[in-house]
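# Survey of secondary and tertiary structure
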Amino acid sequence: MTFLPKMAFKNLARYKKRTMITAGAIAYGLMMFIVIRSLLTGIDNESETNLRLYETATGRIMAQGYWDDRETFPLEKSFDPEIVTPILENTGAGYSPRISFGGDLIFYKDPFPEDGSIPGRFTAIDPVLDADVFKLRESLSEGSWLVDGEQGLILGHWLAEDIGAGIGHTVLVETQTKDGYAQVFDLEIVGIVNCPNPEITRSGMFLPLSVADEFLEMDGTVTEVNVNFGTLNGADADFAALVPDVEAMGLEALDWRILGADFIAISQAKAGSSGMIIFLILIIAGVGISNTMLMAVYERVRELGMMRALGMRNRQIRAMFLWESAGIGLLGGFYGVGLGALVTWPLVKWGIDYTFLLREASFGYRIQGQMYGVWDIPSMIIAFFMGVGMAVLVAAFSTHRILRLDIPASLRFQ
Amino acid sequence: MNFKRFLILVITLTAIAVNAFSQTAEEVIRKMDELQTFDTMYSEGTMITEDRFGEKRSTYKAWSRGSQDFLIEFTNVEERGQKILRVDDELYLFYPDAEDIIPMHGAALKQSMFGDISYEDITEGRNTLDKYDVEMIGSEIVDGKDCWVIEMIATSRDVPYPKQIVKVGKEDYVLREAEYYARSGRLLKIVDVIKVETFGDGRLMITEMVMADQLRRGSSTRMRIDTLEIDPRLNDDLFSLRSLY
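Nothing here was measured: the structure is a model prediction, and the numbers come from that model.

### Quick notes on the overall build of chain B
When its secondary structure is counted, chain B shows 2 helices and 15 strands. Looking at chain B as a whole, 29% of its 245 residues qualify as buried. In chain B, the share of contacts with a sequence separation of at least 24, taken over all contacts with a separation of at least 6, comes to 44%.

Now the structure itself:
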């Protein structure tokens, strides 16, 4: 009963170099799979959290049609936030009215390093209520928080660095009122935020809601009310329950998945790329194992012919080779998972600093600076069994070819 | 004449004077619009923008009909074939590389068309009195020309600037200078008329002016008409979306 496994083990030991090379190829593929899955899952989880904590909340209430025209910042599609606050207070959700508008930030040499202007999106926030929904205030790295009625501005850290902005510097905002008239007003930079969401750090510009209301002549209306039910599992369901009531008021309510559609698209593309990685690993493992197994088989054709002449059956020979390949697969699996865990550990603990890459370009992910991995145990288990399964599968094909020769032909094989 | 009669006379004369002054402001603006409005017009020109990054030059051909409709086609190498059409109070852009027509609305109109000139700057048309309340606020000498100074306050939401101050020549009713203000009262842009030429039937036409952005230091755009043809015969199809392709 144990004859075949023992013989397979002896064969593996006899061809140590070959065994180690094949197992190494499998191990490398599996390690890459585990590490990449760990990083992508980590990025995905962190991005989702940062998206909800700094940009979308659980969902957002807007005037009908606002979301479709959002690129043009249609201030005329605004609404009185008071009409939704009673139902939001009944649900116990945190809520934050905001006004989003487009405009140019204009600054001048002294105190800035040089004159300039940058177009961007300004977000007017309620300095008190916003903390019930977003974590922006906790990300303040310099200066102070906004004060209702004071013409203050908070900038993202990278944006402030790019334009040479500092606390106390004055800028101009050129935009349009709700009625479409040209408008310009002064703001003083009072704070700088450095949060884990790169979209905010790269381009965030925040001012008090009351200031925007006055200069944009909004008459108390806002372009959005953000709603927070937390980031736990039931949050989405709580928000979904709110939607019919909101729609009955002639408004629309969209959840974070729609609001963060760019990130969701990236996340789905990632699922596709994971599939591609698995496919590549299968090819690496398949080519490596099939090559080694073919060599093993062809080196031993005469030996196998003699074993068959002595009475060993094809089934037993095939089984012996499958044991051998399973052994290689096991070795590769153990090594692969071990190496994968070894590389994942620092990724989980310290992460990789990708600031230089993420600062210059947006990839849709909402992570900034450090990319952290996660312990993705299901992926490790999948990787292990995938290694063993692949090795056995490829060996079955290789053995089948040699067993088609008859015994005399096998004995004469050069 | 007792004091009471004297007071009534002063008040009456003041009222008449104010009324006359107010009518004059409207009349001046109406005449200014009339002078600059043609049944049809064809022009070729150059726009030169200067800012801290240097100078950029664009050339164009333009066709206009009445006070509202126009078609501009850029002819310089970098922008050749790009077109801007204003018809039925709508503005459209055409990019030949994309072969696509883009309607411009809302905040998109604030984007720069060329240098300091935004799309909304070119959409005002010349029916000024339909969109502004005008008031004579004084006289001023501009480049040696005696001008009326008229304040215009927007009454329509279709205009980009809530307030303008225009300085119009008393002799020729030609605009000599204009100031554009934001809602907050801050001065945004100043237009200086550099050159006025006489054409065909003796009508005066602004052929060169400079628009200077007052918020961005050192940024200005010079517009110059190099060739002008007044009342040419234009095909109606020219002012349609079909003409963009």
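### Brief notes about the overall build of chain A
When helices and strands are tallied, chain A shows 14 helices and 12 strands. Against the compact-globule benchmark of 22 Å for 414 residues, chain A has a radius of gyration of 31 Å, which places it well outside the compact range. Principal-axis analysis of the C-alpha atoms places the extent of chain A at approximately 100 × 50 × 30 Å. Of all 414 residues assigned to chain A, the portion counted as buried reaches 44%. Sequence-distant contacts in chain A: of pairs separated by 6 or more residues, those separated by 24 or more amount to 84%.

### Describing the interface of chain B and chain A
The interface of chain B with chain A comprises 19 residues on the first partner and 20 residues on the second. Along the lines of polarity and charge, the residues of the side of chain B that touches chain A split into 9 nonpolar, 3 polar and 7 charged.

### Remarks on the pairing of strand β9 (residues 132–142) of chain B
Residue and element names in this part refer to chain B. Pairing analysis gives 10 bridges linking β9 to strand β10 (residues 145–154), with the strands arranged antiparallel. Residue pairing for β10: Ile141 is matched across the bridge by Asp146. Linking β9 to β10, which pair antiparallel, is a turn of 2 residues; within it Asp143 sits at a positive phi near 50°.

### Brief notes about the domain arrangement of chain A
Interface size is often expressed as the accessible area that is lost when the parts come together. Taken as a whole, chain A is organised into domain 1 (3–51 + 264–412) and domain 2 (59–228). Each of domain 1 of chain A and domain 2 of chain A has a C-alpha centre, and the two are 51 Å apart.

### Let's talk about unusual backbone geometry
Between A:Asp110 and the following residue, A:Pro111, the backbone shows a cis peptide bond with an omega angle of 15°. Looking at the element boundaries, A:Pro111 is found in the loop between β2 (94–107) and β3 (116–125). Phi angles above zero are rare outside glycine, and A:Ala57 is one such case at about 55°. By secondary structure assignment, the location of A:Ala57 is in the loop between α2 (16–56) and β1 (59–63). A positive phi angle, near 50°, is found at B:Asp143, a position not held by glycine. As for its placement among the helices and strands, B:Asp143 is situated in the loop between β9 and β10. Looking at B:Asp143, the number of C-beta atoms within 10 Å reads 12, which means it is exposed.

### Focus: α2(A)
In this model, α2(A) (41 residues) spans 57 Å end to end at C-alpha, consistent with the 60 Å of a helix rising 1.5 Å per residue. One or two steps after α2(A), the chain reaches A:Ala57, where phi turns positive at roughly 55°.

### Here we look at the packing of α2(A) against helix α13 (residues 377–402) of chain A
All names here are of chain A. Relative orientation of the contacting elements α2 and α13 amounts to 155°, with a least axis distance of 10 Å. Here α2 lies roughly antiparallel to α13, going by the angle between them. For α2 against α13, the interelement crossing comes out right-handed. Packed against α2, whose contacting residues are Ile26, Leu30, Phe33, Ile34 and Arg37, the element α13 presents Ser379, Met380, Ala383, Gly387 and Ala391 at the interface. Grouping the constituent residues of the contact of α2 with α13 by class yields 7 nonpolar, 2 polar and 1 charged.

### Examining the nonpolar core
With 107 residues, the main nonpolar core has A:Leu153, A:Leu155, A:Leu207, A:Ala212, A:Val227 and B:Ile150 as its most contacted residues. Every residue in contact with A:Leu155, bar those within four places of it in the chain, is listed here: A:Ala160, A:Ala165, A:Ile189, A:Ile192, A:Gly204 and A:Met205. Core analysis: the next-biggest nonpolar cluster, separate from the first, contains 32 residues, A:Ala27, A:Phe33, A:Ile34 and A:Ile328 among them.

### Overview of the packing of helix α11 (residues 314–349) of chain A against α13(A)
Residues and elements named next belong to chain A. One can describe the packing of α11 onto α13 by two numbers: an axis separation of 8 Å at closest approach and a directional angle of 155°. In this view, α11 runs roughly antiparallel relative to α13, as classed from their interaxial angle. The hand of the α11/α13 crossing is right-handed. Its residues assigned to classes, the contact of α11 with α13 comprises 16 nonpolar, 8 polar and 2 charged.

### Focus on the environment of A:Gly102
All names here are of chain A. Residue placement: Gly102 occurs in strand β2. You can call Gly102 partly exposed: it has 19 C-beta atoms within 10 Å. Along the backbone, Gly102 and Glu71 are 31 residues apart, and their C-alpha atoms lie at a distance of 8.8 Å.

Cut-offs applied
- Residues numbered from 1 in each chain as written.
- Chains lettered and ligands numbered in written order.
- Predicted model: local features only at pLDDT ≥ 70, side-chain atom pairs only at ≥ 80, totals over all residues.
- Helix = DSSP H or I, 4+ residues; strand = E, 2+ residues; numbered from the N terminus.
- Buried ≥ 20, exposed ≤ 12 C-beta atoms within 10 Å, placed from the backbone.
- Contact = placed C-beta atoms within 7 Å.
- Rg over C-alpha atoms; globule rule 2.2 N^0.38 Å.
- Nonpolar A, V, L, I, M, F, W, Y, C, P; charged D, E, K, R; others polar.
- Pairing = 2+ DSSP bridges.
- Domains from an automatic or database assignment.
- Expected span 1.5 Å × (residues − 1).
- Axes fitted to C-alpha atoms, helices over the stretch in contact; angles between N-to-C directions.
- Parallel < 35°, antiparallel > 145°, perpendicular 65-115°, else oblique.
- Left-handed = near helix turned anticlockwise from the far one by under 90°.
- Core = buried A, V, L, I, M, F, W, Y, C linked by C-beta atoms within 7 Å.

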